[in-house]
Each structure stands twice: as structure tokens, then as C-alpha cells.
Amino acid sequence: MSHCAPVRVLFVCLGNICRSPLAEGVFQAAIDKQGLSDRFKIDSAGTGAWHAGQAPDRRMRKTALSHGIQLDDLRARQFTVADLGGFDHIYAMDAHNLNDMLSLDRDTAFGSRVSLFRDLDPEPGDGQVPDPYYGGTDGFEEVFRIVDRTCEALLLELAKEYAL
């Protein structure tokens, strides 16, 4: 079924400076490329507030830019209870973040909206997007590969679900 309202998609990690802003940027680029920008509202958040207001990690920005994805304008924010009802699809980068979000869903009203991002990954591995923050450049490249192929699968899934 086709909707007039944009499909609201939120990506969530721990601090909202590595994994989730990358997913936001990659998915935004994918929908822009398909001419579907007006059909989606994309955002990202972190379950923690440590980095609120900050730009994504410079290593993540550099990695993304090497693949043609610009993240400089994004700013970290903390996930809130209001986000549970404010988005149609909420994708957690790992099980810890998933559980943190679901713990805010007191009435278990929004559980169907929240899932692991890598549930859609054609190569899901352990289902977690590893946090590259404390590692080297290789970790950021690995996260880019995971996010890139999963966003591609996600776009196909949502295009089918919403008949886009």
C-alpha cells in the first residue's frame, strides 16, 4: 500500500557518533539516488547522551567520505521515549542498544517497530554492528561495508513494503 506520509526510519547506536550516523548518511544517499527522498524521513540517535550535539567521529566521517558519503552536518542526539512513537522503523546497531530502547517501551506498545539493523543484512554474522570507536581504521571500513550492504537490503525491503 502506498502512503502519502513519509516512512520514518531511525538508526540507533550507543553514542550516535559512529554507526548510526553512518547508517543515516548511507541510507539517505541510497534514497536520494533512487529519487525517493520525499518518501522518507531519516534520523539517527544514541542510547547515551555523552556526545549530544557533537558531529560524528572524525574517523567515521573520513571513512564515509572516502565512499562518497557526507556526514559533516549530522549532530548526535539521545534516543527518547517519544522516538518510539515517532518512527515507523527503528533499527538498533546491536542487542545492547535494542534492549535499552525496548526498556523505555513501558507498555510494550512499540516493540514491532524496533529491530536489529543486521536482521536485514545478507551476511548477518552475529547480528551486531561492531562498535569501531576503540579500534583502528579497519574497524571503520568493516562497519562501512556492513552498513552499506544492509542499507541496500533495507531500501529494497521498505520499497516493497510501502510499494515505492
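In case you missed it, the structure is sitting above this.
All values derive from a computational prediction rather than experimental measurement.

(A) Local environment of the overall build of the protein. For the protein, the count of helices and strands is 5 helices and 4 strands. Element order for the protein, N to C, with α for helix and β for strand: β-α-β-α-α-β-α-β-α. Relative to its length of 164 residues, the protein is compact, with a C-alpha radius of gyration of 15 Å against a globular reference of 15 Å. Referenced to the eigenvectors of the C-alpha coordinate spread, the extents of the protein come out at roughly 45 × 35 × 30 Å. Across the 164 residues of the protein, 45% fall into the buried class. Pairs at least 24 residues apart make up 74% of the contacts formed inside the protein by residues separated by at least 6 positions.

(B) Structural view of the nonpolar core. By size, the foremost hydrophobic cluster in this structure holds 35 residues, and its most contacted members are Val 9, Phe 11, Leu 22, Phe 27, Phe 40 and Phe 117. Mapped onto this core, the elements with two or more residues apiece are strand S1 (7-13), helix H1 (19-33), strand S2 (40-46), helix H2 (58-66) and helix H5 (137-161). Ranked by residues supplied to this core, first place goes to H5 with 9 residues. Those residues in contact with Phe 117, other than ones at most four positions away along the chain, are Phe 11, Ala 23, Tyr 91, Ala 92, Met 93, Val 129, Val 147, Thr 150, Cys 151 and Leu 154. If you look at the next biggest cluster of nonpolar residues, it comprises 12 residues, including Leu 10, Ala 45, Ala 92 and Val 114.

(C) Spotlight on the packing of H2 against H5. Here H2 crosses H5 at 55°, and the two axes come no closer than 10 Å. Accordingly, the angle class assigned to the pair H2 and H5 is oblique. By crossing handedness, the relation of H2 to H5 is classed as right-handed. Residue-level inspection shows Arg 59, Met 60, Thr 63 and Ser 66 of H2 in contact with H5, the latter providing Phe 140, Glu 141 and Phe 144. Its residues assigned to classes, the contact of H2 with H5 comprises 3 nonpolar, 2 polar and 2 charged.

(D) Representation of the side chain of Asn 97 within the structure. Considering the arrangement of structural elements, one finds Asn 97 in helix H4 (residues 95-103). Looking at Asn 97, the relative accessible area reads 0%, which means it is buried. A polar atom in the side chain of Asn 97 sits 3.0 Å from the side chain of Thr 47. The residues contacting Asn 97, other than those within four sequence positions of it, are Val 12, Cys 13, Leu 14, Arg 19, Thr 47 and Ala 92.

(E) Highlighting the pairing of S1. Along S1, 6 of the 7 residues are buried, which leaves the element largely enclosed by surrounding structure. Judged from the 7 bridges that link them, S1 and S2 form a sheet pairing that is parallel. Note that in S2 the partner of Cys 13 across the bridge is Gly 46. This β-α-β element, S1 to H1 to S2, shows right-handed connectivity. Sheet topology note: the S1/strand S3 (residues 89-92) ladder contains 4 bridges and is parallel.

Calculation rules
Residues numbered from 1 in each chain as written. Predicted model: local features only at pLDDT ≥ 70, side-chain atom pairs only at ≥ 80, totals over all residues. Heavy atoms only, no water. Helix = DSSP H or I, 4+ residues; strand = E, 2+ residues; numbered from the N terminus. Rg over C-alpha atoms; globule rule 2.2 N^0.38 Å. Buried < 20%, exposed > 50% of the residue type's maximum accessible area, 1.4 Å probe, protein only. Contact = heavy atoms within 4.5 Å. Core = buried A, V, L, I, M, F, W, Y, C linked by side-chain atoms within 4.5 Å. Axes fitted to C-alpha atoms, helices over the stretch in contact; angles between N-to-C directions. Parallel < 35°, antiparallel > 145°, perpendicular 65-115°, else oblique. Left-handed = near helix turned anticlockwise from the far one by under 90°. Nonpolar A, V, L, I, M, F, W, Y, C, P; charged D, E, K, R; others polar. Polar contact = N/O pair within 3.5 Å; in protein donor to acceptor, adjacent residues only side chain to side chain. Pairing = 2+ DSSP bridges. Right-handed = clockwise from strand over helix to strand, strands pointing away.

Shape descriptors only; they carry no functional weight alone.
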